[in-house]
Amino acid sequence: MNSQIKKGILDLCVLALLEKGDSYGYDLAGSLARTVEVADGTVYPILRKLASDGVVSTYLQESQNGPPRKYYHLTDAGHKKLDAEREEWIKFCGEVNGILDKENGGKADEQE
């Protein structure tokens, strides 16, 4: 997939993963990598941006495997952003799928 398209949707993917529960950067990167081809270092700049935008907050939690880990938590603003962007993404995908639909000659169903 084109890296520009992917870059534009990764914020939404990170927010969706955080909706399922708080997580730390390495774990988020692993979750993303299981479904989307993404470099390890890609997630951290996204997390910093989301934190500076106020859509995620951070806290430290002790780890049994080393130093404390920085966990990310979806804020109320983050939930609102996720809901809005999810709705926009679903609508966009439907429009693109309508264009790409071979069975309908590549055209979305049009109502007159």
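Keep in mind that this is a model prediction, so the values were computed, not measured.

Cut-off values and rules
- Residues numbered from 1 in each chain as written.
- Predicted model: local features only at pLDDT ≥ 70, side-chain atom pairs only at ≥ 80, totals over all residues.
- Heavy atoms only, no water.
- Pairing = 2+ DSSP bridges.
- Helix = DSSP H or I, 4+ residues; strand = E, 2+ residues; numbered from the N terminus.
- Expected span 1.5 Å × (residues − 1).
- Buried < 20%, exposed > 50% of the residue type's maximum accessible area, 1.4 Å probe, protein only.
- Contact = heavy atoms within 4.5 Å.
- Phe/Tyr/Trp six-rings, centres within 6.5 Å; stacked < 30°, edge-to-face > 60°.
- Lys NZ or Arg CZ within 6 Å of the ring centre and 35° of its normal.
- Axes fitted to C-alpha atoms, helices over the stretch in contact; angles between N-to-C directions.
- Parallel < 35°, antiparallel > 145°, perpendicular 65-115°, else oblique.
- Left-handed = near helix turned anticlockwise from the far one by under 90°.

Trainee: Tell me what's going on with the sheet that holds strand E2 (residues 56-63), and back it up with residues and numbers.
Mentor: Read from one edge to the other, the open sheet built from 3 strands follows the order E1-E3-E2, with strand pairing classed as antiparallel. The two strands at the open ends of the sheet, each matched to only one other strand, are strand E1 (23-24) and E2. Relative to strand E3 (residues 66-74), E1 is paired through 2 bridges, and the arrangement is antiparallel. Residue pairing across strands places Ser-23 opposite Tyr-72, the latter belonging to E3.

Trainee: Any chance you could break down helix H4 (residues 76-100) for me, citing the residues and the numbers?
Mentor: The terminal C-alpha atoms of H4 lie 36 Å apart, and with 25 residues this matches the ideal 36 Å at 1.5 Å per residue to within 8%. Among the residues making up H4, those that are buried are Gly-78, Leu-82 and Gly-98. Contacts from the buried residues of H4 go to helix H1 (3-19) and E3.

Trainee: Please provide a residue-by-residue account of the packing of aromatic side chains, values included.
Mentor: Per the stated rule, a full pass over the model turns up 3 aromatic pairs. With 5.7 Å between their ring centres and 15° between their planes, Tyr-59 and Tyr-71 make a pair best called stacked. Of this pair, Tyr-59 sits in strand E2 while Tyr-71 sits in strand E3; the two residues are 12 residues apart in sequence, bridging distant segments of the chain. Relative accessible area serves as the criterion here: at 30%, Tyr-59 is assigned to the partly exposed category. Plain terms: the ring middles of Trp-89 and Phe-92 are 5.9 Å apart, the flat faces sit at 40° to each other, and that makes the pair tilted. Linking Trp-89 with Phe-92, this pair stays in helix H4, spanning 3 residues, or about one helical turn. Accessibility expressed as a relative area gives 45% for Phe-92, which makes it partly exposed. Through a chain of ring-to-ring contacts, the aromatic side chains of Tyr-24, Tyr-59 and Tyr-71 assemble into a single cluster. Sitting above the plane of the Tyr-24 ring, Arg-69 keeps its charged end 4.2 Å from the centroid.

Trainee: Residues and numbers for the packing of H1 against helix H2 (residues 25-33), please.
Mentor: Taken N-terminus to C-terminus, the directions of H1 and H2 make an angle of 115°; their axes are 11 Å apart at the nearest point. The angle between the axes of H1 and H2 places the two elements in the roughly perpendicular class. H2 is crossed by H1, and the crossing has right-handed handedness. Here Leu-10, Cys-13, Val-14, Leu-17 and Leu-18 of H1 come into contact with H2, specifically with Leu-28, Ser-31 and Leu-32.

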